Amino acid sequence: MSSRILGSIGRFFITTGVVILLFAAYQLWGTGLQEAAAQGDLSSEFDELLESVESPIATAPTTSTTNAPTTVSPQTTTSVVPTTIPAPGGTIPVVDTYLAEKLYREGGEAVARISIPKIGLTKVVVEGVKVEDLRNGPGHYGATVFPGQEGNSGIAGHRTTYGAPFNRIDELEPGDEIRVQTVQGTHTYRVMPAGEAYSPELLSELTDFVVPEGDEDLGHIIVRPSATWVLGDFGDNRITLTACHPKLSASRRIIVAAELVSEAVDAPALPTQTILDDQIDLATEDLTGQPLDGGDTDEPGDDAGEVANASSTGVDPSPPATPSTDDVSLDEGLNGERSALFPAILWGLAAIAMYQGFKQLARRWRRWPAIALGVVPVVILMSLSFEKIDRFLPAG
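Note that the structure is predicted; figures quoted are calculated from it, not measured.

Calculation notes
Residues numbered from 1 in each chain as written. Predicted model: local features only at pLDDT ≥ 70, side-chain atom pairs only at ≥ 80, totals over all residues. Heavy atoms only, no water. Helix = DSSP H or I, 4+ residues; strand = E, 2+ residues; numbered from the N terminus. Buried < 20%, exposed > 50% of the residue type's maximum accessible area, 1.4 Å probe, protein only. Contact = heavy atoms within 4.5 Å. Areas by Shrake-Rupley, 256 points an atom, 1.4 Å probe, with all protein chains shown as cover. Core = buried A, V, L, I, M, F, W, Y, C linked by side-chain atoms within 4.5 Å. Salt bridge = Lys/Arg side-chain N within 4 Å of Asp/Glu carboxyl O. Expected span 1.5 Å × (residues − 1). Phe/Tyr/Trp six-rings, centres within 6.5 Å; stacked < 30°, edge-to-face > 60°. Lys NZ or Arg CZ within 6 Å of the ring centre and 35° of its normal. pLDDT = per-residue confidence, 0-100.

Participant: Can you walk me through the overall build of the protein in this structure?
Facilitator: The number of helices and strands found in the protein is eight helices and 13 strands. In the protein, which comprises 396 residues, the share counted as buried stands at 46%. Here the contacts in the protein between residues at least 6 apart in sequence split such that 67% fall between residues at least 24 apart. Of the roughly 18,900 Å² of accessible surface on the protein, a fraction of 58% belongs to carbon and sulfur atoms.

This is the structure:
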């Protein structure tokens, strides 16, 4: 009896270990296959978007004395936006509906193509940093301007799962080139040294073991997950890449800032703009199911202290007005989908039941034919369970 009990316990732990290893393999490689398929579709989508525009769309500020909105037809290659018209209590923007349609996209749709030759990266960027968005590729923070426009444009990406587009951004050095293509043209950035991208006072006050003394020329900084000031307006035109740090953890964020060296384009206005709340978070990923903030032990009120310190350095830590009416929180969806837990359990139980059924069939019939028949349905059910578990956990 003792031998049978110990044998059953041993088989249970062995089976559990195998399932955990399979889930780890799914996250590290299976998610990469999903991302590759999504990138193929997004690349075609973005190419079609570019083909629908005869030449890059530029914008130029003008003024209007009429009360009628100005629109530009698809054949027009230069848009005249944003304009302003008289209105009680001030002015309102005149919206170029054609440009807005091409530039402002729904969450998960292709908005740009980023290329970083130094690390061999070429990916299509989607709009948004929700769980489902970052599974398809790097995501554009809806609270920031688009690449190439005046201001600070933010893009987040994974380092370990779903294609790991930002896996090697820690290798970027000052002067390395980042190119981003949008419907407004191709925009060139160059990575800035940490000491140039952020003032020494800001680094010393707000960063967390970011730049060791003597390493001010690094091409990146490391900050806490709550350091949303990196997406703020620094008075220049830049792009900010964010990812989790270190790899396989969400305890910190690695930040790369690059200065726009090509000519900036104007950002067209939308009918309405949403000002974000101060409580926003940097995009995250997590393989272990730890808290969204990576287990950060910051005491309540630390974020407020960071904002106060940033203001004292003369840098506005708050993000600019967003050109999107959807992203009211940069952290939306990144804490996992709690509704996915129940389906994950059901699919897992179905996989176990299927496995036990074919195991009994193998004992009563023929072993290898039963195994051959059972492999495919069991693998499918396990994959469905893994996919739901992955959705349940914080983005990874």
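Participant: In this structure, what is going on with the nonpolar core? I would like to understand it.
Facilitator: Most often, soluble globular proteins keep nonpolar side chains buried together rather than apart. With 36 residues, the main nonpolar core has I114, I116, I169, L172, I178 and L241 as its most contacted residues. Residue assignment for this core shows that the elements contributing at least two residues are α1 (2–51), α2 (97–103), β5 (110–116), β6 (121–127), β9 (177–182), β10 (185–191), β12 (238–245) and β13 (252–260). Residue contributions to this core peak at five residues, all from β5. With 20 residues, the next largest nonpolar core counts I221, F234, L282 and A283 among its residues.

Participant: Teacher, can you tell me more about the pattern of salt bridges here?
Facilitator: Close approach of charged atoms allows side chains with opposite charge to pair. One pass over the full model with this rule turns up eleven salt bridges. Where R113 meets D47, a salt bridge forms, and the shortest distance between an N and an O atom there is 3.1 Å. Taken as a pair, R113 in strand β5 and D47 in helix α1 lie far apart in primary sequence, 66 residues in all. Where R238 meets D236, a salt bridge forms, and the shortest distance between an N and an O atom there is 3.0 Å. The buried category is assigned to R238, whose relative accessible area is 2%. Several salt bridges share partner residues, and in doing so they unite E45, R105 and E109 into one network.

Participant: Got a minute to help me understand helix α7 (residues 341–364) in this structure?
Facilitator: The α-helix winds at 3.6 residues per turn, so residues separated by three or four positions along the chain end up facing the same way. A rise of 1.5 Å per residue sets the reference length of α7, with its 24 residues, at 34 Å; its end C-alpha atoms lie 35 Å apart and thus fit the reference within 8%. Those residues of α7 that fall on the buried side of the exposure criterion are A344, G348, A351, F358 and A362. Buried residues belonging to α7 abut α8 (367–392).

Participant: How should the packing of aromatic side chains be read in this particular structure?
Facilitator: Aromatic ring pairs are described here by two measures, namely the spacing of the ring centres and the angle between the planes. Evaluation of the coordinates by the stated rule reveals seven aromatic pairs. Here F12 and F13 contribute two aromatic rings whose centre-to-centre distance is 5.6 Å and whose plane-to-plane angle is 70°, an arrangement assigned as edge-to-face. Accessibility assignment for this pair places F12 and F13 in one class, exposed. Measuring from ring centre to ring centre gives 5.4 Å for Y198 and F234, while their planes differ by 75°; the resulting arrangement is edge-to-face. With Y198 in the loop between α4 (194–197) and α5 (200–206) and F234 in the loop between β11 (221–223) and β12, the pair connects residues that are 36 residues apart, well separated along the chain. With respect to burial, Y198 and F234 carry one shared label: buried. The positively charged end of R238 is found above the aromatic ring belonging to F234, 4.3 Å away from the centroid. Across the ring face of W368, the terminal group of R367 is positioned such that the distance to the ring centre comes to 5.4 Å.

Participant: What is the right way to look at the environment of V131 in this model?
Facilitator: Tracing the sequence through the fold places V131 in helix α3 (residues 131–134). For the pair formed by V131 and R391, sequence separation is 260 residues and the distance between their alpha carbons is 7.8 Å.

Participant: What is the right way to read the confidence of the model for the protein from this model?
Facilitator: Low-pLDDT portions of the prediction should not be read for the details of their coordinates. For the protein, per-residue confidence averages 75 on the pLDDT scale, and 68% of positions sit at 70 or higher. With pLDDT under 50 throughout, residues 271–279 is counted as low confidence; its partners more than four residues away or in other chains account for 18 contacts. Residue range residues 288–334 is modelled with pLDDT below 50. Its contacts to residues more than four positions away, or to other chains, number 105 contacts.

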